[in-house]
Amino acid sequence: MNRIEERFAQLKRTGKKGFVVYIGAGDPDLAVTRELALAFDKAGVDILELGVPFSDPLADGLVNQLAAQRGLESGTTPPKLLETIVAIRNESKIPIVLYIYFNLIHKVGMEKFIAEAAKAGVDGLLVLDLPPEESDNYEALMKKSSLCHIYLVAPTTPEDRMGFIVKRGSGFIYYISREGVTGMQSQVASNLASQVAKIRAHTNLPIAVGFGVSNPGQAKLVASEADAVVVGSAIVNQIAENGKSPELVAKVGAFVKSLADAVKSI
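Below: a short report on this structure.

Details of the overall build of the chain
- The secondary structure content of the chain amounts to twelve helices and nine strands.
- The C-alpha radius of gyration computed for the chain amounts to 17 Å, which stays within 12% of the reference 18 Å derived for 266 residues, consistent with globular compactness.
- Seen along its three principal axes, the alpha-carbon backbone of the chain occupies a region of about 45 × 40 × 35 Å.
- Out of the 266 residues belonging to the chain, those deemed buried represent 55%.
- Residue pairs in contact within the chain that sit at least 24 positions apart in sequence constitute 73% of those at least 6 positions apart.
- Here the chain displays about 11,300 Å² of accessible surface, and carbon together with sulfur accounts for 52% of that area.
- Charge centroids of the chain, computed over 28 positive and 29 negative side chains, lie 5 Å from each other.

Below is the structure:
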């Protein structure tokens, strides 16, 4: 088992729900990304998703698009991000997933990218625009490097395709709780429970729910139905608001702890 699988096994043993945090890597710079990762580990985050900055982030709403832009402006590249992950690994065993678009992997070469990611201490990849039908070689290389290949399921995914997707995934299934791009929402999708139950009928993998979870109340509500909760834009927005403050890590860390505490209260 890699760190993602170990963490979910531990959560299952203790009867707790998982808390997954997404931030844009290199926003405002990679030194802060490292500090935030360590703060999140202490705050109770179970898995850290790092968005690799990309010029055309199709699945992302404005908040995360701007984070990607700030990451690019700070000079964040995949090799520099992997160096930062090595630095995180010197102090933390928090499971790390790269949220990435396939162009960035293709440019390096799939075999080389996956091997280098594993060597740096990455535990899984979530490739936004790589469907399972085109993933045979990718999945084989990921298994060879003991990395989890995480797939997305959407509210619009037909049930037969849902079954196909989840059988191909590993680590956990990321359920997008609403249609559209990433972004904060005022309420949780009303059909969440039925959709999670539908996915559970096809897989034993943990189901993490994200896209739109914005505050501790929503996080607790989603945690009551899912195995894990993913919060991204709300945290990225906090980073944007405090980007030049010397208190950035402390303030964002406190917000993340409030979310973690809500998830762990289930």
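Things to note about the pattern of salt bridges
- For the coordinates displayed, the defined rule picks out twelve salt bridges.
- Linking E91 and R34 is a salt bridge whose minimum nitrogen-to-oxygen distance equals 2.4 Å. Of the two residues, E91 sits in the loop between α4 (78-89) and β3 (96-100) while R34 sits in helix α2 (residues 30-43), which places them 57 residues apart along the sequence.
- Overall, R34 belongs to the partly exposed group, its relative accessible area being 26%.
- Between E139 and R168 there is a salt bridge whose closest N-O contact spans 3.0 Å. You can see E139 sitting in helix α7 (residues 136-144) and its partner R168 sitting in helix α8 (residues 159-168), a full 29 residues away along the chain. Each member of the pair E139 and R168 is classed as buried.

Section: the packing of α2 against α4
- The interhelical angle for the contact between α2 and α4, taken along N-to-C directions, is 35 degrees, at an axis separation of 10 Å. The element α2 and its partner α4 pack so that their crossing is right-handed. Facing α2, whose interface residues are L30, R34, A37 and L38, α4 presents K80, L81, T84, A87 and I88.
- In terms of residue class, the contact of α2 with α4 is made up of six nonpolar, one polar and two charged.

A few points about the layout of surface pockets
- If you add up the space inside the largest pocket, you get close to 350 Å³.
- In terms of residues, the lining of the largest pocket owes the most to one element, helix α1 (residues 3-14), which gives five residues.
- Across the lining of the largest pocket, the residue classes tally to five nonpolar, four polar and six charged.

Details of the packing of helix α6 (residues 110-120) against α7
- Between α6 and α7, whose axes approach to 10 Å, the crossing angle comes to 30 degrees. Relative to α7, the element α6 is oriented roughly parallel. When the axes of α6 and α7 are compared, the crossing they make is right-handed. Together, M110, E111 and I114 of α6 and N137, Y138, L141, M142 and K144 of α7 make up the contact between the two elements.
- When grouped by side-chain class, the residues that make up the contact of α6 with α7 number five nonpolar, one polar and two charged.

Points about the packing of aromatic side chains
- A full pass over the atoms with the stated rule returns four aromatic pairs.
- Taken together, a centroid distance of 5.7 Å and an interplanar angle of 50 degrees make the contact between F8 and F172 tilted. Remark: F172 occurs in the loop between α8 and β7 (173-176) and F8 occurs in helix α1; sequence separation between them is 164 residues. Per residue, the accessibility class of F8 equals that of F172, and both read buried.
- With a centroid separation of 5.2 Å and 25 degrees between ring planes, the pair formed by F54 and Y101 is classed as stacked. Of the two residues, F54 sits in the loop between β2 (47-51) and α3 (62-73) while Y101 sits in the loop between β3 and α5 (102-108), which places them 47 residues apart along the sequence.
- Judged by relative accessible area, F54 falls into the buried class, the value being 13%.
- Residue Y101 is classed as buried on the basis of its relative accessible area, which comes to 3%.

Things to note about helix α9 (residues 192-200)
- Regarding α9, the residues found buried are L192, Q195, V196 and I199. Buried residues of α9 fall within an arc of 100 degrees about the axis and therefore sit on the same side.
- Where α9 is buried, its residues contact β6 (151-153), α8, β7, β8 (207-210) and α10 (216-223).

Overview of the side chain of N242
- Here N242 lies in the loop between α11 (233-241) and α12 (248-264).
- On the accessibility criterion, N242 (10% relative accessible area) is buried.
- In contact with N242, other than residues within four places in its own chain, are L248 and K251.

What counts and what doesn't
Residues numbered from 1 in each chain as written. Predicted model: local features only at pLDDT ≥ 70, side-chain atom pairs only at ≥ 80, totals over all residues. Heavy atoms only, no water. Helix = DSSP H or I, 4+ residues; strand = E, 2+ residues; numbered from the N terminus. Rg over C-alpha atoms; globule rule 2.2 N^0.38 Å. Buried < 20%, exposed > 50% of the residue type's maximum accessible area, 1.4 Å probe, protein only. Contact = heavy atoms within 4.5 Å. Areas by Shrake-Rupley, 256 points an atom, 1.4 Å probe, with all protein chains shown as cover. Lys, Arg positive; Asp, Glu negative; His and termini not counted. Charge placed at Lys NZ, Arg CZ, Asp CG, Glu CD. Salt bridge = Lys/Arg side-chain N within 4 Å of Asp/Glu carboxyl O. Axes fitted to C-alpha atoms, helices over the stretch in contact; angles between N-to-C directions. Left-handed = near helix turned anticlockwise from the far one by under 90°. Nonpolar A, V, L, I, M, F, W, Y, C, P; charged D, E, K, R; others polar. 1 Å grid on protein atoms, 1.4 Å probe; cavity = no way out; pocket = protein on both sides within 12 Å on 5 of 7 lines; lining within 4 Å. Points joined across faces, edges and corners; volume = space filled by probe spheres on them. Parallel < 35°, antiparallel > 145°, perpendicular 65-115°, else oblique. Phe/Tyr/Trp six-rings, centres within 6.5 Å; stacked < 30°, edge-to-face > 60°. Arc of directions from axis to C-beta.

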